[in-house]
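Observations on chain architecture
Residues per chain are reported as follows:
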Amino acid sequence: MSYQHFLVEITEGVATVAFNRPDKANALHQAAWDELPMVFNALHEEETVRVIVLSGTGNHFCAGIDLGLLMSLQSFNDLDCEARKREKLLAFIRKLQQAINAIEAGNKPVIAAIHGACVGGGLDIAAACDMRFCSADARFSVKEID
């Protein structure tokens, strides 16, 4: 299985999936959010896979939503209608949530192997996994609550 933003390998029934943007602390831009459900849907359908382990390359598990993607939401302000702005935002949020739902919706257990930072959407992704194991350097944050 070959993907652009995730490293995927299957060995003896264990699928390892790794976020693969270490230069950006594995922050997920739009292309990665689009690819995430494809990865997990394929693995949940793959008969040779018995368990999935999700990790991150580099120093961090996942920094959540890429700031560039978050800033793109400013384009909704160009709409004159407040209701249309809210509809666009809701559609955006639902699309991200569907990507996360693909992790937990399958029939295979998913284990998050967390190291370094696990921030925002990365924490949502970890919470969608069936189990979470953390290294001693793992740290968690939801900046929206600050």
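Right above here is the structure, for reference.
Given the structure is predicted, the values throughout are model-derived calculations rather than measurements.

Concerning the overall build of the protein chain
Along its length, the protein chain carries 4 helices and 7 strands. When the helices and strands of the protein chain are placed in sequence order, the string is β-β-α-β-α-α-β-β-α-β-β. A compact globule built from 146 residues should have a C-alpha radius of gyration of about 15 Å, and the protein chain, at 16 Å, falls within 12% of that. If one aligns the C-alpha atoms of the protein chain with their principal axes, the spans along those axes are about 55 × 35 × 25 Å. Counting every position in the protein chain, which comprises 146 residues, the buried fraction comes to 40%.

Overview of the layout of surface pockets
Considering only enclosed or pocket space, the largest pocket measures out at about 440 Å³ in volume. What lines the largest pocket is a set of 22 residues, and nearest its centre among them are Gly64, Ile65, Gly120, Gly121 and Glu144. Elements with a contribution of two residues or more to the lining of the largest pocket: helix H2 (67-71), helix H3 (82-104) and helix H4 (121-128). In terms of residue class, the lining of the largest pocket is made up of 14 nonpolar, 4 polar and 4 charged.

Side note on the packing of aromatic side chains
Inspection of every chain in the model, using the stated rule, returns 2 aromatic pairs. When the ring of Phe6 is compared with that of Phe19, the centres are 5.7 Å apart and the planes differ by 50°; the resulting orientation is tilted. Pair noted here: Phe6 is in strand S1 (residues 6-11) and Phe19 is in strand S2 (residues 14-19), with a separation of 13 residues, a long-range link. Neither residue differs from the other here; Phe6 and Phe19 are each classed as buried. By way of ring pairs, the aromatic residues Phe6, Phe19 and Phe61 are connected into one cluster.

Side note on the pairing of S1
Where S1 lies against S2, 6 bridges are found, and the strand directions are antiparallel. Within S2, the position partnered with Ile10 by the bridge is Ala15. The antiparallel hairpin formed by S1 and S2 contains 2 residues in its connecting segment, where Glu12 sits at a positive phi of about 50°.

Some remarks on the sheet that holds S2
Ordered in space as S1-S2-S3-S4-S6, the 5 strands form an open sheet in which the pairing is mixed. Looking at the sheet topology across the chains shown, the edges are occupied by S1 and strand S6 (131-134). Neighbour-to-neighbour, the strand axes of the sheet open up by a mean angle of 20°, direction not taken into account. In this structure, strand S4 (residues 110-114) lies alongside S6, joined through 4 bridges in parallel fashion. For Ile114, the partnering residue across the bridge sits in S6 and is Cys134. Of the strands in this sheet, S1, S2, strand S3 (51-56) and S4 touch helix H1 (residues 30-45), which is tilted by about 10° from S1.

So, how was this worked out
- Residues numbered from 1 in each chain as written.
- Predicted model: local features only at pLDDT ≥ 70, side-chain atom pairs only at ≥ 80, totals over all residues.
- Heavy atoms only, no water.
- Helix = DSSP H or I, 4+ residues; strand = E, 2+ residues; numbered from the N terminus.
- Rg over C-alpha atoms; globule rule 2.2 N^0.38 Å.
- Buried < 20%, exposed > 50% of the residue type's maximum accessible area, 1.4 Å probe, protein only.
- 1 Å grid on protein atoms, 1.4 Å probe; cavity = no way out; pocket = protein on both sides within 12 Å on 5 of 7 lines; lining within 4 Å.
- Points joined across faces, edges and corners; volume = space filled by probe spheres on them.
- Nonpolar A, V, L, I, M, F, W, Y, C, P; charged D, E, K, R; others polar.
- Phe/Tyr/Trp six-rings, centres within 6.5 Å; stacked < 30°, edge-to-face > 60°.
- Pairing = 2+ DSSP bridges.
- Axes fitted to C-alpha atoms, helices over the stretch in contact; angles between N-to-C directions.
- Contact = heavy atoms within 4.5 Å.

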